[in-house]
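# Residue-level structural notes
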Amino acid sequence: MMINKPVFIIALFLSSCSNAVKQQENYDVVIVSEYDNTYDKEGRLSKVSIVETISMHSGRDDNKPFVDTSVRTQRYSYTDDACLMTESSYNPNIVETIRSSNDSKEELQLEDEKDTISYSFERYHHNDKDKLEHEKTLWRSRGNSSMTSSFESYHYYDENGNEIKSIYHDLETKKKEETYYFSGITYAEALQRVPKSVNEQKIVCAIKTVDNDTVIIRTTYNGKLEDITKEYTDGNKKIKQKYDTAAELIAEWTDYEEEGLKISTSNTQRPDGFHTDSIFCRNGKKLRAIWIDSTDMMKMVVTSEYDIKGNLVREVTKTKHSGM
C-alpha cells in the first residue's frame with residue numbers, strides 16, 4: 001500500500017513538535033548534537049565545537065538508557081575563493097579535511113596523518129551543486145585493508161544544462177561504462193548518433209508527450225521500456241509519479257508549501273514494502289526530516305535548530321526500529 005497523505009505528514013510534523021520533550025525513551029536510539037559556533041571578525045565560522053550524546057533505550061535489562069558522549073572540533077580557514085575545514089573527531093588518530101568552493105568540493109580522511117581512509121572530489125557544472133561534471137571516490141575499510149572501493153565519473157551537458165553523456169570508471173577493475181542520454185528521439189535514431197567504443201555503452205531515451213496538464217515521459221534503456229513518469233500540478237502541489245512497465249505506481253514525489261513550510265515528500269513502493277521521506281524547510285534550512293521504512297520497521301526523525309547566521313546549533317536524531 002502506497003503512503004501519500006500530506007495531511008498525515010503535516011499532522012505528524014506538528015504533533016512531534018508539540019511532544020518534542022516527551023518520552024525520548026519511546027525511541028530506541030536518540031542522538032543529540034550541540035554546536036558551539038565561533039565567528040571571525042568577518043562574520044565567518046572559525047571554530048565549531050560539537051558535543052554528541054547518544055542514548056540507547058532498548059535491549060537493556062535495567063530499562064535504563066546507555067549514554068555515551070563524544071566531542072569533535074571543526075576549524076575553518078579561508079582563501080579568496082575557498083573554505084578549508086579541518087575536523088578532529090573523538091578518535092585523535094583520524095582527521096578529516098574538507099575544501100569547498102563555488103565550483104568544487106574535496107574531502108580527505110586520514111588516519112595517523114598518512115593513511116587514507118576515504119577521499120572524494122566533486123566538480124560542479126556552472127557552480128550548480130546538483131550537476132556534477134567530475135566525481136572521484138576512494139575508500140578503504142579500517143578493519144580490513146583489502147576491502148577497497150574506488151571510481152570516478154565524468155558528466156557532460158548541452159547548452160541548456162541537460163546531461164547528454166556520462167562515463168563511469170571503476171578504478172579497481174579498470175572497466176569503463178558510457179551512458180548517452182537523448183530526448184525526443186527513438187532508440188533506433190539514438191543508436192546512429194553514438195560513436196563506436198571499446199567500452200560498454202548504454203543508451204537512455206526519453207520521449208515526452210502532454211495529455212491535458214500532465215507531462216508524460218516514457219524512458220527506454222537500450223531500447224527497452226524502463227519506466228513511465230507523469231508530472232502534474234494539483235493546487236499548490238507539484239507531483240511526479242513513476243510507473244513500472246506493468247503500469248504499477250512505484251514512486252511518487254510531492255513538493256508544496258503549507259503554513260510557511262516548504263515540504264518535500266517521496267514515497268517508494270517495493271515488493272517487500274515501502275519507504276517514505278518527508279522534509280520540512282523554512283528559509284532554505286531543513287527544520288525536520290522524517291524517514292519511514294516498512295521493510296526494516298524503522299522510523300527516523302531529525303530536528304534541526306540554527307543560529308541567526310543560519311548555522312546549526314542543535315540537531316536531534318531519533319530512531320525506532322520496531323513497533324511503528
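You'll find the structure just up there.
Residues numbered from 1 in each chain as written. Predicted model: local features only at pLDDT ≥ 70, side-chain atom pairs only at ≥ 80, totals over all residues. Heavy atoms only, no water.

## As for the overall build of the protein chain
Put simply, the rule is: Secondary structure counts use DSSP, requiring at least four H or I residues in a row for a helix and at least two E residues in a row for a strand, with both numbered from the N terminus. In what follows, residue pairs with any heavy atoms lying within 4.5 Å of each other are defined as contacts. Using the Shrake-Rupley algorithm and a 1.4 Å probe, accessible areas are obtained, with residue cover drawn only from the displayed protein chains.
The secondary structure content of the protein chain amounts to 2 helices and 21 strands. Sequence separation of 24 or more characterises 23% of the internal contacts of the protein chain that already satisfy a separation of 6 or more. A total of about 20,000 Å² of accessible surface is found on the protein chain, and carbon and sulfur atoms cover 49% of it.

## Quick word on the side chain of Glu135
For the record, the criterion: In this scheme, a residue with accessible area under 20% of its type's maximum is buried, one over 50% is exposed, and one in between is partly exposed, where area comes from a 1.4 Å probe on protein chains only. Counted charges follow a simple rule, with Lys and Arg positive, Asp and Glu negative, and His plus the chain ends left uncounted. Basic side-chain nitrogens of Lys or Arg form a salt bridge, by our definition, when they fall within 4 Å of a carboxyl oxygen of Asp or Glu.
Checked against the element boundaries, Glu135 lands in strand β8 (residues 128-140). No salt bridge is formed by the buried Glu135; its nearest oppositely charged neighbour, Lys105, is found at 11 Å. Residues contacting Glu135, with those up to four places away along its chain left out, are Phe121, Glu122, Phe151, Glu152 and Ser153.

## Concerning the packing of aromatic side chains
Spelled out, the test is: Stacked, edge-to-face and tilted are the three classes for Phe, Tyr and Trp ring pairs, Trp counted by its six-membered ring, which pair at centre distances within 6.5 Å; planes under 30 degrees apart are stacked, over 60 edge-to-face, the rest tilted. Geometrically, a charge over a ring is one whose NZ (Lys) or CZ (Arg) sits within 6 Å of the ring centre while staying within 35 degrees of the ring normal.
A full pass over the atoms with the stated rule returns 1 aromatic pair. Its guanidinium or amino end placed over the ring of Tyr243, Lys230 lies 5.1 Å from that ring's centre, counting from NZ or CZ. The aromatic ring of Tyr39 is capped on one face by Lys309, whose charged end is 5.3 Å from the ring centroid.

## As for the pattern of salt bridges
For the structure shown, the criterion picks out 11 salt bridges. Here Asp115 makes a salt bridge to Lys114, at a shortest N to O gap of 3.1 Å. According to the relative accessible area criterion, Lys114 is exposed, its value standing at 58%. Across the salt bridge formed by Lys242 and Asp227, the nearest N and O atoms sit 4.0 Å from each other. With Lys242 in strand β15 (residues 237-243) and Asp227 in strand β14 (residues 224-234), this pair connects stretches of sequence that are 15 residues apart. What emerges from the salt-bridge pattern is a single network uniting Glu52, Arg72 and Glu87.

## A short note on unusual backbone geometry
Of note in the backbone geometry, Ala247 takes a positive phi value of approximately 65 degrees without being a glycine. Here Ala247 lies in the loop between β15 and β16 (249-258). Judged by its relative accessible area of 56%, Ala247 falls in the exposed class. Phi is positive for Asn283, which is not a glycine, with a value near 55 degrees. Within the fold, Asn283 resides in the loop between β18 (273-282) and β19 (285-293).

## Details of the nonpolar core
The tendency in soluble globular proteins is for nonpolar side chains to be buried side by side. Put simply, the test is: Put simply, a nonpolar core is a bunch of buried Ala, Val, Leu, Ile, Met, Phe, Trp, Tyr and Cys residues held in one set by side-chain atoms that sit within 4.5 Å of each other.
Of all hydrophobic cores here, the largest spans 12 residues; its members are Tyr27, Val30, Val32, Tyr256, Leu261, Ile263, Phe274, Phe280, Ile290, Ile292, Val301 and Val316. Looking at this core, the elements that each hand over two or more residues are β1 (29-39), β17 (261-270), β18 and β19. Contacts of Val301, omitting those with residues within four sequence positions, involve Tyr27, Arg288, Ala289, Ile290, Val316, Thr317 and Lys318. Core analysis: the next-biggest nonpolar cluster, separate from the first, contains 7 residues, Tyr180, Phe182, Ile185 and Ile203 among them.

## Concerning the environment of Thr276
As a reminder of what qualifies: Between N or O atoms, a polar contact is any pair within 3.5 Å; within protein, one atom must be a potential hydrogen donor and the other a potential acceptor, and residues adjacent in sequence are included only when both atoms are from side chains.
Structurally, Thr276 is set in strand β18. A polar contact is formed between the side chain of Thr276 and the side chain of Asn267, at a distance of 3.2 Å.

## A word on the pairing of strand β4 (residues 82-88)
On a regular strand, one side chain projects to one face of the sheet and the next to the other, so that they alternate. Rule in force here: Whether two strands pair depends on DSSP finding at least two bridges between them.
Relative to β4, strand β3 (residues 66-78) runs antiparallel, the two sharing 6 bridges. Residue Ser77 lies in a different strand from β4, and its bridge partner there is Leu84. Between β3 and β4, which pair antiparallel and follow one another directly, the connecting turn spans 3 residues. Pairing of β4 with strand β5 (residues 94-101), which is carried by 7 bridges, proceeds in the antiparallel orientation. Bridge pairing in β5 places Glu87 opposite Glu96.

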